[in-house]
Amino acid sequence: MINDIFINIAGFIKSIFEWVGLGDILTNLGMAVVYFVAIIAFILLNVMIIVWLERRVSAFMQERRGPNRVGPFGLLQSLNDVVKLATKEPIIPKAVDKPLYKLAPILVFTTTMLLYAVLPFGKGMAAANINVGLLYFISISSTTTISLLMAGWGSNNKYSLLGGMRTVAQMISYEIPLAFSMLGVIMITGTLNFSEIVVAQKSVWFILLQPVAFIIFFISGTAELNRAPFDMPEAEQEIVAGFHTEYSGIRFAFFYLAEYANLFSMSALGATLFLGGWQGPILPSWIWFIGKVYLMIFLFLWVRWSLPRLRMDRMMKLNWKVLIPIAIANILLTGIGIKIYQYFVS
């Protein structure tokens, strides 16, 4: 019962639409709206949890207390921040390119939200279980670069423009090893469907079959998220805050929200591809999925608060001269391994 609780809720809502007498088109449209609202609520809740978790984890690593005043263990501090950002006056500098300036934060969050449509949160719990789910995820996530460049260019600020250009250079470069790290999983499973990839890990997780790919995925994912030690686009000692220097109030909140929502989606992608997704004994599938996602998030937080920022040239050298050659070698060895396995099995 508890394993299928969300599936049953969705089925109940759909039955209400059908009982009211809505046609197939209106019923499907209504369910799309329900999924949209559920994803928004899920993102907001998890972002508040991750923000609190990052503050507590960083405080523990630095021997500080962290948030502990608002609510038990400081749990309501994130809610206070939401209210503060939502009620602050949005200030628009005089010289900005207003269409680009206003559109960029909306596009950043919209792009992030679209990623959640294909993530399998549990057995049979994907809003859109499409055959090319992994390709969809990579394609949609790559468009975030355009939004961040729009923010930097539209702000008409040298620091913002530098941050936007750094973002483009970094994210486009690290998308290559990130995509290559997934090819081994695709070669083993022969599918781009997330649910089928999870089912293929019933016997063994792919982190054991593709450990090098997982390491490349983790490093490239950290760079894609613009998190330390790859946070050059927002390097505060050099360019104030990078591409969102000129943003305040609710528009800044969209960037902040997108950053942590992307952290969750990247962790969910890693859990799905390498940690068995929702597979696990006894507990409901969605609890296993959330647990594995937060394990990945903890690893990202651990690295964030342990390593210093890399220099821009060294960061690019790591990508082009280290990660990409290793990723290509891993693809080659995976193909050889698959052929050897098929030979002995046949």
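Up top you'll find the structure we're talking about.
Reference entry: report on the structure contained in this document. Worth saying up front: this structure is predicted, and the values here are computed from it rather than measured. (Residues numbered from 1 in each chain as written. Predicted model: local features only at pLDDT ≥ 70, side-chain atom pairs only at ≥ 80, totals over all residues. Heavy atoms only, no water.)

Topic: the layout of surface pockets
So, step 1. As a volume, the largest pocket reaches approximately 920 Å³.
So, step 2. Lining the largest pocket are 44 residues, and of these Leu225, Asn226, Arg227, Glu234 and Glu259 sit closest to its centre.
So, step 3. For the lining of the largest pocket, the elements supplying multiple residues, two or more each, are α2 (24-61), α4 (98-115), α5 (133-142), α6 (144-154), α7 (158-189) and α12 (249-274).
So, step 4. Per-element accounting of the lining of the largest pocket gives the leading share, 10 residues, to α12.
So, step 5. Looking at the lining of the largest pocket residue by residue, the classes come out as 25 nonpolar, 8 polar and 11 charged.
So, step 6. Counted as a void, the second largest pocket has a volume near 710 Å³.
So, step 7. If you trace the second largest pocket, you find 20 residues lining it, with Phe6, Tyr35, Ala38, Phe121 and Met125 closest to the centre.
So, step 8. Among the elements of the structure, α1 (5-20), α2 and α13 (285-304) are those that each provide at least two residues to the lining of the second largest pocket.
So, step 9. Looking at which element gives the most residues to the lining of the second largest pocket, the answer is α2, with 6 residues.
So, step 10. Looking at the lining of the second largest pocket, its residues break down into 18 nonpolar, 2 polar and no charged. (1 Å grid on protein atoms, 1.4 Å probe; cavity = no way out; pocket = protein on both sides within 12 Å on 5 of 7 lines; lining within 4 Å. Points joined across faces, edges and corners; volume = space filled by probe spheres on them. Helix = DSSP H or I, 4+ residues; strand = E, 2+ residues; numbered from the N terminus. Nonpolar A, V, L, I, M, F, W, Y, C, P; charged D, E, K, R; others polar.)

Things to note about the pattern of salt bridges
So, step 1. Counted according to the given criterion, the structure contains 5 salt bridges.
So, step 2. Notably, a salt bridge pairs aspartate 81 with arginine 55, separated by 2.7 Å at the nearest N-O pair. With aspartate 81 in helix α3 (residues 77-87) and arginine 55 in helix α2, this pair connects stretches of sequence that are 26 residues apart.
So, step 3. Owing to a relative accessible area of 27%, arginine 55 belongs among the partly exposed residues under this scheme.
So, step 4. Across the pair aspartate 313 and arginine 311 runs a salt bridge, and its minimum N-O distance is 2.8 Å.
So, step 5. By relative accessible area, aspartate 313 is classed as partly exposed at 44%. (Salt bridge = Lys/Arg side-chain N within 4 Å of Asp/Glu carboxyl O. Buried < 20%, exposed > 50% of the residue type's maximum accessible area, 1.4 Å probe, protein only.)

Quick look at α7
So, step 1. Helix length check: α7, at 32 residues, gives a terminal C-alpha distance of 47 Å against a target of 46 Å (1.5 Å per residue), a fit within 8%.
So, step 2. The sharpest bend along α7 reaches about 25 degrees and sits at glutamate 175, with the proline proline 177 one to four residues further on.
So, step 3. Residue asparagine 157 occupies the N-cap position of α7, its side-chain oxygen lying 2.7 Å from the main-chain nitrogen of tyrosine 159.
So, step 4. Just downstream of α7, glycine 190 is the residue with a positive phi angle, here 70 degrees. (Expected span 1.5 Å × (residues − 1). Bend = angle between axes of the 7 residues up to and from the residue. Polar contact = N/O pair within 3.5 Å; in protein donor to acceptor, adjacent residues only side chain to side chain.)

Considering the packing of α4 against α12
So, step 1. Where α4 meets α12, the axes come as close as 9 Å, and the angle between the chain directions of the two elements is 20 degrees. Considering their axes alone, α4 and α12 lie roughly parallel with respect to each other. Two packed elements cross with a definite hand, and for α4 against α12 that hand is left-handed. Contact with α4, carried on its side by Tyr101, Lys102, Ala104, Pro105, Val108, Phe109, Thr112 and Leu115, involves Arg251, Phe254, Phe255, Leu257, Ala258, Ala261, Asn262 and Ser265 of α12 and no other residues of that element.
So, step 2. Partitioning the contact of α4 with α12 into residue classes produces 11 nonpolar, 3 polar and 2 charged. (Axes fitted to C-alpha atoms, helices over the stretch in contact; angles between N-to-C directions. Parallel < 35°, antiparallel > 145°, perpendicular 65-115°, else oblique. Left-handed = near helix turned anticlockwise from the far one by under 90°. Contact = heavy atoms within 4.5 Å.)

Examining a nonpolar patch on the surface
So, step 1. Judged by side-chain polarity, Phe12, Ile16, Trp19, Val20, Leu22, Leu26, Leu29, Val33, Phe36 and Val37 come together as a nonpolar surface patch covering roughly 1000 Å² of accessible area.
So, step 2. Elements with a minimum of two residues in the nonpolar patch: α1 and α2.
So, step 3. Per-element accounting of the nonpolar patch gives the leading share, 5 residues, to α2.
So, step 4. Positionally, leucine 22 belongs in the loop between α1 and α2. (Patch = residues over 30% accessible without salt bridge, like charges linked within 9 Å, V, L, I, M, F, W, Y side chains within 5 Å. Areas by Shrake-Rupley, 256 points an atom, 1.4 Å probe, with all protein chains shown as cover.)

Observations regarding the environment of proline 211
So, step 1. Within the fold, proline 211 resides in helix α10 (residues 211-224).
So, step 2. The exposure class assigned to proline 211 is partly exposed, which follows from its relative accessible area of 41%.
So, step 3. Each C-alpha atom, one on proline 211 and one on phenylalanine 274, is 8.7 Å from the other, the two residues being 63 residues apart in sequence.

Let's talk about the packing of α10 against helix α14 (residues 312-345)
So, step 1. With their axes 10 Å apart at the nearest point, α10 and α14 run at an angle of 150 degrees to one another. Classed by the angle they form, the pair α10 and α14 counts as roughly antiparallel. α14 is crossed by α10, and the crossing has left-handed handedness. Of the residues in α14, those touching α10 at Val212, Ala213, Ile216, Ile219 and Ser220 are Leu318, Leu323, Ile326, Ala327 and Asn330.
So, step 2. Across the contact of α10 with α14, the residue classes tally to 8 nonpolar, 2 polar and no charged.

Regarding the side chain of aspartate 231
So, step 1. When you line up the elements, aspartate 231 lands in the loop between α10 and α11 (236-239).
So, step 2. Filtering out sequence-adjacent residues up to four positions away, aspartate 231 remains in contact with Asn226 and Arg309.

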